[in-house]
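So the chains spell out like this:
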Amino acid sequence: MSHYSGFGNEKHLHFFDEEDSSSPARRRLLRDLRRLKEDPPTGVDAVPTEENLLFWNGVIFGPENTAFEGGTFHLILYFTEEYPNKAPEVKFTSKVFHPNVFANGSISLDILEENWSSNYDVSSILTSIRNLLDEPNPNSPANTLAAQLFTENRAEYDKKIEEIVEASWRS
C-alpha cells in the first residue's frame, strides 16, 4: 500500500480552536498537519489526538519489497512547546523487532537525537523512521539481538520480521 488516507481526516484541521495555535510550537504543528493532509507522504500518516495537539498517533506501513512489507506499525509522537527547536519523543506502540528500536518502542535515530533540525516536520520524521525499517544501523544497536541477527544471520532476522508483520495485522 503506497498511501493510507483513512488514518486522519479533514476534521483534524478544523478541530483545534484559536487557543491551540497560541504558541509557535502549536502553530507549527498545525502547519505540519496541513502539509500531511495536502501532500501526504508514501506509507505514513499521523494525526493529533482530539484532546491535545502536542500528542499524535502515527502509522507506518512497511516499505514494499522489504521484510517489513505488509506490516502496519503504530507510533505515538510527543511534542513539547519547544518544538520545532526540540525533537519530539517518538515510540512504536506496535511490537517491532529492529536493531534501532528499544524494547519499550523508543527509536534510536540520529535525527531524533543529536542531528535534530527545526527543518524536520512530522512528515519527514515518519518518512525517516519508515526508511530506517529496511536500512538499520546495526553499529549503534538499541536491540543487540536484532543487530546481531541482522549482521550474522539475515534469514533468521527476516523470519522474526515476518512474525512481527503478521502480528501487526492483529493489533
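Residues numbered from 1 in each chain as written. Predicted model: local features only at pLDDT ≥ 70, side-chain atom pairs only at ≥ 80, totals over all residues. Heavy atoms only, no water.

Within an unreviewed UniProt entry, the label attached to the protein chain reads Oidioi.mRNA.OKI2018_I69.PAR.g9463.t1.cds, and the organism entered is Oikopleura dioica.

Student: Hey, could you go over the packing of helix α4 (residues 144-152) against helix α5 (residues 154-168) for me, with residue numbers and the actual values?
Tutor: It is at 6 Å that the axes of α4 and α5 come closest, and there the two elements cross at 130°. Judged by the angle between their axes, α4 and α5 are oblique. In contact with A146, L149, F150 and E152 of α4, α5 contributes R154, E156, Y157 and K160. When grouped by side-chain class, the residues that make up the contact of α4 with α5 number 4 nonpolar, no polar and 4 charged. (Axes fitted to C-alpha atoms, helices over the stretch in contact; angles between N-to-C directions. Helix = DSSP H or I, 4+ residues; strand = E, 2+ residues; numbered from the N terminus. Parallel < 35°, antiparallel > 145°, perpendicular 65-115°, else oblique. Contact = heavy atoms within 4.5 Å. Nonpolar A, V, L, I, M, F, W, Y, C, P; charged D, E, K, R; others polar.)

Student: How would you explain α5 if you had to name every residue and give the values?
Tutor: Between its terminal C-alpha atoms α5 stretches 21 Å, which fits the 21 Å expected from 15 residues at 1.5 Å a residue. When α5 is considered as a whole, its buried residues turn out to be Y157, I161, I164, V165 and S168. The buried residues of α5 occupy one face: seen down the axis, they fall within an arc of 105°. For α5, the elements touching its buried residues are β3 (72-78), α3 (122-134) and α4. (Expected span 1.5 Å × (residues − 1). Buried < 20%, exposed > 50% of the residue type's maximum accessible area, 1.4 Å probe, protein only. Arc of directions from axis to C-beta.)

Student: For unusual backbone geometry, give the residues involved together with the corresponding values.
Tutor: With an omega dihedral of 10°, the bond running from Y83 to P84 counts as a cis peptide bond. The residue N65 is not glycine, and still its phi comes out positive at about 60°. In this structure, N65 sits in the loop between β2 (55-61) and β3. Note on N65: relative accessible area 72%, which makes it exposed.

Student: For the environment of A146, give the residues involved together with the corresponding values.
Tutor: Here A146 lies in helix α4. What makes A146 buried here is its relative accessible area of 0%. Placed 48 residues apart in sequence, A146 and H98 show a C-alpha to C-alpha distance of 5.4 Å. Once you skip the residues sitting within four places of it in the chain, A146 turns out to touch F97, H98, P99 and Y157.

Student: So what's going on with the side chain of S94? Which residues, and what values?
Tutor: Checked against the element boundaries, S94 lands in the loop between β4 (89-92) and α3. Here H74 takes part through its backbone nitrogen, which lies 2.7 Å from a polar atom of the side chain of S94. (Polar contact = N/O pair within 3.5 Å; in protein donor to acceptor, adjacent residues only side chain to side chain.)

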